[in-house]
Amino acid sequence: MTAVAVEVSTLILIYAVILVGLNLVVGYGRIFSVNQALLFGVGAFAYAGATHFLGTNELLVSWAIAIVAASLLSMIVAMATLRVSGDHFIIASFGIQLAVLQVFYNWSDLSGGAAGAFGLPNPTLLGVEFNSPSLLLGLAFLTAVAAIFLALLVVRSPYGRLIKAIADDEIAVTAAGFEVLPIKVGVFVLGGSLAAIAGVVYASYLGVAQVSDYSITVSITLLAAVVAGGLRSVPGSILGALLFVGLPNALNLLHVPVSISGPLQQLVFGVLLVTVMMFLPGGMAGIVALARGARLFRRRSSADGQKSLSA
Amino acid sequence: VNDLLGQAIIQGLIFGSIYAIAAIGFGLVYHTTGVFHIAYGSILALATFVIVTLGAGLPPIATLGVGVVGVAVAVAASLAVYGGVYAVLERRGATAMVVFVASLGVSMAIEGAIVIVFGASVQNFNADALLQVHFVAGLGASYLGIMTVVAGAVSLAIVLWLMNQTRWGFQVQAVASNRLLAEGIGIRPWRVIVAVYALAATLSVVAGVLLGMTTSVTAGMGTNVSLLAAIAVLMGGSQSYFGAYAGGLIIGIVQAVAATVLPGEWGVTAVFGLFLVVILVRPSGLFGRGYA
């Protein structure tokens, strides 16, 4: 593989982890959170902090810090606001992104302020160092496989069915005797932790952690990617990652100047988010399922994704 | 130190009035239709860019005409978003969350379009004369600052008058509390809603121009304003325009005081912390009517 192919594949795998996590929250849980990029950043700064303050590049340490921090943040937002209303939750998820990024920004020992934390070492896992692009690709691959496996496990478990049931009819689930709030908080924590795990890998891969990489615009773009890929579809999230990483690279290949390429991506993802929400609730995975359903006389594959809007 | 604090409060009142105007507009749409119109901010930025670009080098009188063009752009864009996106989604029974996500998409697309059309550079109104600071008893304010605070109070007064003293206002309240019932007694909800979007868009242009004159005009200015406006509306409470106004002022003052008292930049963090506290202590908001 060429260097570019290795780089693009690594990024797609990392973003697949984030989007699979986001899909648990937004797709299965129908909780529209707009701070996935923050939790991604929490992972990145957990790695920067672990290498800087603890002097360790062991991934397990950074992952532990990242998961604890991301879970705490998710719990604060979700428990304070989900009991009030969805609108309060949205604004809180927006707000915590800006607020915590500001904390990172001000804490320049950790983040390097505006310049960013540079020169992060290669990561090690149980003493094995990932010191080449192809080894790092392998790390991203293993992380993605584990995340996808975990997500599929959760989705098919009784807990996963409860998450979907709450999204479809919260009152019915309450009437059945379940405490709804902890289940919702749980899925939010789980999705956030996956983003944080991906953030650790991302920062260790790049060797840099910069506040500006985890802005609100990135959060909205991630949301667009997960919606375009297909809500309530794990393969859809992988398609979403393909799109998220692929579009900037495609614009690059087409020699679109940098000054246009950034806003153009924003425009495309924005339009994509609106049109998919309006006309294609199943996203790209929905199209694939439809095509397959048509060929195989509609065996049961298309049903899940197509229900998205009616919930 | 007291002078510094006093100056911070004045500064906070000025910025707070801008947020308050934006919040009243955001609240109009939110209270009446339940739509979390987050694209509101990007439309504000779009109109402000149109005004600053067309108005460059024109004499002051001509800028009024440019302002009218800006309002027209904002109203047209808002109605296009309402008719083309929100209304379509609502007709299909989409949840408020789905409409919100679509609104986020619109917001992002408009912001991208602004940069492509107007360029990425920061633009400025030529408002130096208005920005000159005059001191009274050790505290300073510019004419623009005073105008801003007055504009905030006037915006609130107009909206409160419309809502509580006019036939139209009662119709808006009727649509807000029960759209079907309002239709049943002969109100045409879509007419009321279109007017609400238009009024909100007009207020957003006022807020955008004042903010652009006080600081500068950037494509991202709207996202920040609509977030703060949304926080002000939720903190202010359900169906309360005074609440939205007060929420805006509080946010402005908290930001400015945090910037003065604390080292580093903590404005957003302070505002968000305040929001969380208000939500925990009084989920229905500071001035809400108790039902949500």
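In this text the structure is predicted, and so the values were computed from the model without any measurement.

To continue, consider the overall build of chain B. Counting its regular elements, chain B contains 12 helices and 2 strands. When the helices and strands of chain B are listed from N to C terminus, the series reads α-α-α-α-α-β-β-α-α-α-α-α-α-α. Against the compact-globule benchmark of 19 Å for 292 residues, chain B has a radius of gyration of 19 Å, which places it among compact chains. Seen along its three principal axes, the alpha-carbon backbone of chain B occupies a region of about 60 × 45 × 35 Å. By residue count, 53% of the 292 residues in chain B fall in the buried class. Nonlocal contacts in chain B, meaning residues at least 24 apart in sequence, comprise 75% of its contacts between residues at least 6 apart. Here chain B has roughly 11900 Å² of accessible surface; of this, 69% comes from carbon and sulfur atoms. Within chain B, the 6 negative side-chain charges are centred at a point lying 25 Å from the centre of the 8 positive side-chain charges.

Residue and element names in this part refer to chain B. Bridge analysis of strand S1 (residues 133-136) against strand S2 (residues 139-142) gives 4 bridges, and the strand direction is antiparallel. Paired with Val-133 across the bridge in S2 is Ser-142. Counting the residues that bridge the hairpin from S1 to S2 gives 2 residues, and of these Ala-137 lies at a positive phi of roughly 55°.

Turning to the packing of aromatic side chains, a few remarks are in order. According to the stated counting rule, one finds 21 aromatic pairs over all chains in the structure shown. Centroid distance B:Phe242 to B:Phe287: 5.1 Å. Interplanar angle 80°. Geometry classified as edge-to-face. With B:Phe242 in helix H11 (residues 241-261) and B:Phe287 in the segment after helix H12 (267-281), this pair connects stretches of sequence that are 45 residues apart. Through successive ring pairs, a cluster of aromatic residues spans A:Tyr15, A:Phe40, A:Phe45, A:Phe104, A:Tyr202, A:Tyr214, A:Phe244 and A:Phe269.

Residue and element names in this part refer to chain A. Scanning the model with the defined rule gives 3 salt bridges over all chains in all. Glu-170 is the partner of Lys-184 in a salt bridge, and the nearest nitrogen-oxygen pair spans 3.0 Å. Linking Lys-184 in helix H9 (residues 180-206) with Glu-170 in helix H8 (residues 170-175), this pair joins segments that are 14 residues apart in sequence. With a relative accessible area of 14%, Lys-184 lands in the buried category.

Before going further, it helps to examine unusual backbone geometry. The backbone phi angle of A:Leu126 is positive, close to 50°, even though this residue is not glycine. Within the secondary structure, A:Leu126 sits in the loop between strand S1 (124-125) and strand S2 (128-129).

Moving on: the side chain of A:Thr143. On the secondary structure map, A:Thr143 appears in helix H6 (residues 133-156). The contacts of A:Thr143, once residues within four sequence positions are left out, are A:Val17, A:Trp63, A:Ile197 and A:Val201.

Now for the packing of helix H4 (residues 86-106) of chain A against helix H4 (residues 96-118) of chain B. The interhelical angle for the contact between H4(A) and H4(B), taken along N-to-C directions, is 35°, at an axis separation of 10 Å. H4(B) is crossed by H4(A), and the crossing has right-handed handedness. Where H4(A) abuts H4(B), its residues A:Gly86, A:Ile90 and A:Phe94 lie against B:Met97, B:Phe100 and B:Leu104. Here the contact of H4(A) with H4(B) is built from residues that sort into 5 nonpolar, 1 polar and no charged.

Here helix H6 (residues 143-165) of chain B is 23 residues long and its end C-alpha atoms lie 31 Å apart, about the 33 Å a rise of 1.5 Å per residue gives. Buried residues along H6(B) sit against helix H1 (2-33), helix H5 (128-131), S2, helix H7 (167-177), helix H9 (189-214) and H11 of chain B.

Quick look at the environment of A:Ser193 now. Residues and elements named next belong to chain A. The residue Ser-193 is located in helix H9 in this model. When its relative accessible area of 9% is taken as the criterion, Ser-193 is described as buried. Spatially, the C-alpha atom of Ser-193 lies 5.8 Å from that of Ala-70, the residues being 123 residues apart in sequence. Ignoring anything within four residues of it in the chain, the contact list for Ser-193 reads Ile-67, Ala-70 and Ser-71.

Residues and elements named next belong to chain A. Relative to the helices and strands, Ser-111 resides in helix H5 (residues 108-111). Its relative accessible area of 0% is what places Ser-111 among the buried residues. For the pair Ser-111 and Val-211, spaced 100 residues apart in the sequence, the C-alpha separation amounts to 7.2 Å. In this structure Ser-111 touches Phe-45, Phe-104, Tyr-105, Gly-116, Ala-117, Ala-209 and Val-211, once residues within four positions along its chain are discounted. Separated by 2.5 Å, the side chain of Ser-111 and the backbone oxygen of Phe-104 make a polar contact.

For any two helices packed against each other, one specifies the inter-axial angle together with the distance between the axes. Residue and element names in this part refer to chain B. Close contact between helix H10 (residues 221-236) and H11 brings their axes to 7 Å; oriented N to C, the two are set at 120°. One element, H10, and the other, H11, form an angle in the oblique class. For H10 against H11, the interelement crossing comes out right-handed. Residue-level contacts link Leu-228, Ile-231, Ala-232, Val-233, Met-235 and Gly-236 of H10 to Gly-243, Ala-244, Gly-247, Gly-248, Ile-251 and Gln-255 of H11. In terms of residue class, the contact of H10 with H11 is built from 7 nonpolar, 5 polar and no charged.

Parameters and conventions
Residues numbered from 1 in each chain as written. Chains lettered and ligands numbered in written order. Predicted model: local features only at pLDDT ≥ 70, side-chain atom pairs only at ≥ 80, totals over all residues. Heavy atoms only, no water. Helix = DSSP H or I, 4+ residues; strand = E, 2+ residues; numbered from the N terminus. Rg over C-alpha atoms; globule rule 2.2 N^0.38 Å. Buried < 20%, exposed > 50% of the residue type's maximum accessible area, 1.4 Å probe, protein only. Contact = heavy atoms within 4.5 Å. Areas by Shrake-Rupley, 256 points an atom, 1.4 Å probe, with all protein chains shown as cover. Lys, Arg positive; Asp, Glu negative; His and termini not counted. Charge placed at Lys NZ, Arg CZ, Asp CG, Glu CD. Pairing = 2+ DSSP bridges. Phe/Tyr/Trp six-rings, centres within 6.5 Å; stacked < 30°, edge-to-face > 60°. Salt bridge = Lys/Arg side-chain N within 4 Å of Asp/Glu carboxyl O. Axes fitted to C-alpha atoms, helices over the stretch in contact; angles between N-to-C directions. Left-handed = near helix turned anticlockwise from the far one by under 90°. Nonpolar A, V, L, I, M, F, W, Y, C, P; charged D, E, K, R; others polar. Expected span 1.5 Å × (residues − 1). Polar contact = N/O pair within 3.5 Å; in protein donor to acceptor, adjacent residues only side chain to side chain. Parallel < 35°, antiparallel > 145°, perpendicular 65-115°, else oblique.

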